[in-house]
Amino acid sequence: MTSKPTRPELADALQQGLHNIGQAAALTGVSAKMIRHYESIGLTRPSGRTFANYRLYNDADVHRLRFIKRGRSLGFSIKQIESLLALWDNPQRASAEVKQLARSHAAELAEKIRELQAMQRTLERLAKQCHGDHRPSCPILDDLASSH
């Protein structure tokens with residue numbers, strides 16, 4: 001007869017080097033809310049639990065959260081991070097797949113940068129055309145009201 005593993009008390013779990021959600025958040029820079037979200041969408045494994053049902057995280061979980069945080073800071077989407085995690089978890093992966101994913105994302109970022117720069121130029125041009133005085137006419141508002 002196999003017995004179900006018992007859930008530890010929080011103090012015992014912390015003594016064993018596990019972390020509660022607040023500690024995991026502090027160690028990774030990922031908010032507790034986002035940690036719960038990542039678990040709910042399957043980016044992280046379901047957390048262990050204490051006897052009182054508090055979430056527990058081991059060092060591997062913390063490392064995975066840091067990976068996700070870094071990926072998000074580089075602008076990778078959740079879907080892209082899913083792919084990167086699958087590659088990271090697979091010791092048989094080809095680094096060419098990782099490189100392709102990174103290059104594809106870099107190209108997407110370059111396109112977004114071009115779009116943002118075009119918006120910036122337009123706004124600077126409109127601001128330059130605006131007198132910015134007591135008169136009600138404003139090329140900025142006129143442009144926004146037009147049907148481009």
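The structure presented is a predicted model; accordingly, all values stated were derived computationally and were not measured.

Trainee: Looking at this structure, I do not really get the overall build of the chain. What am I missing?
Mentor: Each helix and strand in the chain was counted, giving seven helices and two strands. The N-to-C order of helical and strand elements in the chain reads α-α-α-β-β-α-α-α-α. Here the C-alpha radius of gyration of the chain, 24 Å, is well above what a compact globule of 148 residues would show, namely 15 Å. C-alpha extents for the chain along the principal axes are approximately 85 × 40 × 25 Å. Relative to its 148 residues, the chain shows a buried fraction of 22%. For the chain, the proportion of contacts with a sequence separation of at least 24, taken over those separated by at least 6, is 50%. Accessible area for the chain stands at about 10700 Å²; split by element, carbon and sulfur atoms hold 56% of it. Averaging the locations of the 22 positively and 15 negatively charged side chains of the chain gives two centres separated by 2 Å.

Trainee: What should I look at first to understand the nonpolar core in this one?
Mentor: Generally speaking, nonpolar side chains in soluble globular proteins are found buried as a group. Of all hydrophobic cores here, the largest spans 17 residues; its most connected members are A24, I35, Y38, L43, I68 and I81. Only α2 (21–28), α3 (32–40), α4 (59–73) and α5 (78–89) provide two or more residues apiece to this core. If one sorts the elements of this core by residue count, α5 sits on top with four residues. Not counting residues within four places of it along the chain, the set of residues in contact with Y38 comprises V30, L43, T44, L65, I68, R72 and I78.

Trainee: Looking at this model, I keep getting lost on the pattern of salt bridges. Mind explaining?
Mentor: Two side chains carrying opposite charge are able to pair once their charged atoms lie near each other. Per the counting criterion, the structure on display carries six salt bridges. One salt bridge in this structure joins E39 and R55, with 3.1 Å as the shortest N-O distance. Separated by 16 residues along the polypeptide, E39 in helix α3 and R55 in strand β2 (residues 55–56) bring together distant segments of the chain. A salt bridge links E111 to R114, with the nearest nitrogen and oxygen atoms 2.9 Å apart.

Trainee: Sorry if this is basic, but what is going on with α4 here?
Mentor: Structural remark: α-helix, 3.6 residues per turn; residues separated by three or four positions point the same way. Taking 1.5 Å of rise per residue, the 15 residues of α4 would be expected to cover 21 Å, and the 21 Å separating its terminal C-alpha atoms lies within 8% of that figure. Three or more residues of α4 are buried, namely D61, V62, R64, L65, I68 and G71. As for α4, its buried residues are in contact with α2, α3, β2 and α5. Of the residues that open α4, the one with a side-chain oxygen 3.0 Å from the backbone nitrogen of A60 is N58.

Trainee: Help me understand α2 in this model?
Mentor: Turning to α2, its buried residues number three or more, namely I21, A24, A25 and T28. An end-on view of α2 places all buried positions within 100° of arc, on one side of the element. Against α3, β2 and α4 lie the buried residues of α2. Sitting at the amino-terminal end of α2 is N20, which places a side-chain oxygen 3.1 Å from the backbone nitrogen of G22. Within two residues after α2, G29 carries a phi angle of roughly 80°, on the positive side.

Scoring rules and cut-offs
- Residues numbered from 1 in each chain as written.
- Predicted model: local features only at pLDDT ≥ 70, side-chain atom pairs only at ≥ 80, totals over all residues.
- Heavy atoms only, no water.
- Helix = DSSP H or I, 4+ residues; strand = E, 2+ residues; numbered from the N terminus.
- Rg over C-alpha atoms; globule rule 2.2 N^0.38 Å.
- Buried < 20%, exposed > 50% of the residue type's maximum accessible area, 1.4 Å probe, protein only.
- Contact = heavy atoms within 4.5 Å.
- Areas by Shrake-Rupley, 256 points an atom, 1.4 Å probe, with all protein chains shown as cover.
- Lys, Arg positive; Asp, Glu negative; His and termini not counted.
- Charge placed at Lys NZ, Arg CZ, Asp CG, Glu CD.
- Core = buried A, V, L, I, M, F, W, Y, C linked by side-chain atoms within 4.5 Å.
- Salt bridge = Lys/Arg side-chain N within 4 Å of Asp/Glu carboxyl O.
- Expected span 1.5 Å × (residues − 1).
- Polar contact = N/O pair within 3.5 Å; in protein donor to acceptor, adjacent residues only side chain to side chain.
- Arc of directions from axis to C-beta.

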